[in-house]
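# Reading the structure
Listed below are the residues making up each chain.
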Amino acid sequence: MRIIDIDTTTKENPAGSRFSKDLFIYHGPWQDEEGQLFRLDTLCIYFVRSGSHKFVLNSREYVANAGEIIISHPNDFFYDLRFSDDFYCTCVYCALDFASEGVDPLHFQQCLRYLRDEPILHLDKEQLSLMTSYVYIMEKRNSSDTSRGYPKATELICKAYISDIFNLLLQETPIAKNPETRTRPTTIYQDFIDILASSRKKERNVKYYAEKLSITPKYLSHICKVISGKTAPEWIKEYVMNDALRYIVGTDFSIKEIAMQLGFSNFAFFCRSIKKHFGRTPLELRNQNIHGDSY
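Here's a quick rundown of the structure. The structure presented is a predicted model; accordingly, all values stated were derived computationally and were not measured. (Residues numbered from 1 in each chain as written. Predicted model: local features only at pLDDT ≥ 70, side-chain atom pairs only at ≥ 80, totals over all residues. Heavy atoms only, no water.)

If you tally the helices and strands in the protein, you get 14 helices and 11 strands. With 295 residues in all, the protein has 50% of them scored as buried. Contacts in the protein between residues far apart in sequence, at least 24 positions, make up 69% of those at least 6 positions apart. With the model as given, the accessible surface of the protein reaches about 14200 Å², and the carbon-plus-sulfur share is 51%. (Helix = DSSP H or I, 4+ residues; strand = E, 2+ residues; numbered from the N terminus. Buried < 20%, exposed > 50% of the residue type's maximum accessible area, 1.4 Å probe, protein only. Contact = heavy atoms within 4.5 Å. Areas by Shrake-Rupley, 256 points an atom, 1.4 Å probe, with all protein chains shown as cover.)

Okay, structure coming up:
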């Protein structure tokens with residue numbers, strides 16, 4: 001499994017430009033091998049300018065077409081990448097602190113939560129025109145020796161680009177679309193996701209999280225379903241499966257050790273769960289992704 005950060009991206013994409021320790025911008029077709037699995041160590045924003053891109057992000061399959069933007073978190077997993085022959089994109093790799101400058105902290109966190117379930121931003125005609133203008137200017141600066149001599153100017157353009165993207169994202173969040181959800185249920189849901197995301201070992205019993213939030217398991221699941229479309233058990237399962245994938249392809253632990261680490265007392269049940277979720281057994285996932293080999 002490859003880990004993609006700004007340093008490795010700079011080395012592997014000489015056609016791109018690094019403007020600071022926190023920012024790298026690349027324009028062109030994808031450079032990674034199709035099917036490869038990798039983990040991101042930065043916030044990544046991919047504007048699909050032509051063609052289409054199929055991929056699996058954190059165990060869920062997506063398709064992004066021309067005029068759409070893919071936004072992924074640090075520590076996200078990509079695999080099963082497929083590209084059309086005419087695929088062309090603008091990729092911005094940046095630190096979270098860089099991306100959050102100029103964005104209201106509360107709004108930024110709301111957008112990050114939203115992206116966990118909806119990593120593709122769909123643009124209307126006016127929004128597409130604006131985003132295209134940004135990447136055109138950034139690409140021109142990338143190709144100009146004079147412009148590249150003034151990295152701060154490009155950083156400012158990129159920050160404005162990111163700020164506008166997050167403002168568009170904010171409009172898509174459940175809170176923005178349904179102002180009446182700015183209530184205690186919204187806070188409970190967000191706290192539940194934060195606890196789940198930050199827990200190294202995921203408890204799989206809804207009661208555990210409900211007790212932490214001082215509510216009943218039934219009410220927690222109801223809140224999750226109303227706000228996100230998924231119940232609390234569905235969210236827990238997704239996060240557990242993502243952790244399982246990280247262990248299987250990113251460590252040398254045996255499959256039995258991984259099952260124990262994740263709290264599965266029944267090894268056979270663990271293997272069946274992985275097979276059902278990913279379409280492959282744990283060993284198939286590992287053998288097809290031997291720490292950096294192609295998928």
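With that settled, consider unusual backbone geometry. The phi dihedral of serine 214 falls on the positive side, at around 60 degrees, and the residue is not glycine. Structurally, serine 214 is set in the loop between α9 (206-212) and α10 (217-228). For serine 214, a relative accessible area of 63% puts it in the exposed group.

Attention now moves to the pairing of strand β6 (residues 52-57). Taken together, the 6 bridges between β6 and strand β7 (residues 60-65) define a ladder with antiparallel strand orientation. Paired with leucine 57 across the two strands is arginine 60, which belongs to β7. Hairpin connection, β6 to β7: the antiparallel pair is bridged by 2 residues, and asparagine 58 has positive phi, about 50 degrees. Alignment of β6 against strand β9 (residues 77-83), held across 4 bridges, turns out to be antiparallel. In the sheet register, valine 56 faces β9, and the bridge partner there is tyrosine 79. (Pairing = 2+ DSSP bridges.)

What follows is about the packing of helix α8 (residues 184-198) against α10. In the contact formed by α8 and α10, the axes pass within 9 Å of each other and the chain directions differ by 100 degrees. When the axis of α8 is compared with that of α10, the two are roughly perpendicular. Across the interface between the two elements, Pro185, Thr186, Ile188, Tyr189 and Phe192 of α8 pack against Tyr219, Leu220, Ile223, Cys224, Ile227 and Ser228 of α10. Its residues assigned to classes, the contact of α8 with α10 shows 9 nonpolar, 2 polar and no charged. (Axes fitted to C-alpha atoms, helices over the stretch in contact; angles between N-to-C directions. Parallel < 35°, antiparallel > 145°, perpendicular 65-115°, else oblique. Nonpolar A, V, L, I, M, F, W, Y, C, P; charged D, E, K, R; others polar.)

Looking now at the packing of aromatic side chains. Counted under the stated rule, the structure contains 14 aromatic pairs. Ring geometry for tyrosine 46 against phenylalanine 78: centres 6.0 Å apart, planes inclined by 70 degrees, an arrangement best described as edge-to-face. Pair noted here: tyrosine 46 is in strand β5 (residues 43-50) and phenylalanine 78 is in strand β9, with a separation of 32 residues, a long-range link. Phenylalanine 78 shares its class with tyrosine 46; the two are buried. Grouping aromatic residues by their ring pairs yields a cluster made of Phe24, Tyr46, Phe55, Tyr62, Phe78 and Tyr93. When the ring centre of phenylalanine 264 is taken as reference, the NZ or CZ atom of arginine 204 above it lies at 3.9 Å. Over the aromatic face of phenylalanine 267 sits the side chain of lysine 256, whose NZ or CZ is 5.7 Å from the ring centroid. (Phe/Tyr/Trp six-rings, centres within 6.5 Å; stacked < 30°, edge-to-face > 60°. Lys NZ or Arg CZ within 6 Å of the ring centre and 35° of its normal.)

With respect to the element layout, threonine 42 can be found in the loop between β4 (38-40) and β5. For threonine 42, a relative accessible area of 5% gives the class buried. When near neighbours in sequence (up to four residues on either side) are disregarded, threonine 42 contacts Ile4, Asp5, Ile6, Ser72, His73, Pro74, Tyr93 and Cys94.

Core analysis: the largest hydrophobic core is formed by 38 residues, its most contacted members being Phe192, Leu220, Trp235, Ile248, Phe270 and Ile274. Of all the secondary structure elements, the ones that give two or more residues to this core are β9, α8, α9, α10, α11 (232-250), α12 (255-261) and α13 (267-278). With 11 residues, α11 is the single largest residue contributor to this core. Once you skip the residues sitting within four places of it in the chain, isoleucine 248 turns out to touch Ile255, Ile258, Phe270, Ile274, Pro282, Leu285 and Arg286. Grouped together as the second largest cluster of nonpolar side chains are 32 residues, Phe19, Tyr114, Ile162 and Leu168 included. (Core = buried A, V, L, I, M, F, W, Y, C linked by side-chain atoms within 4.5 Å.)

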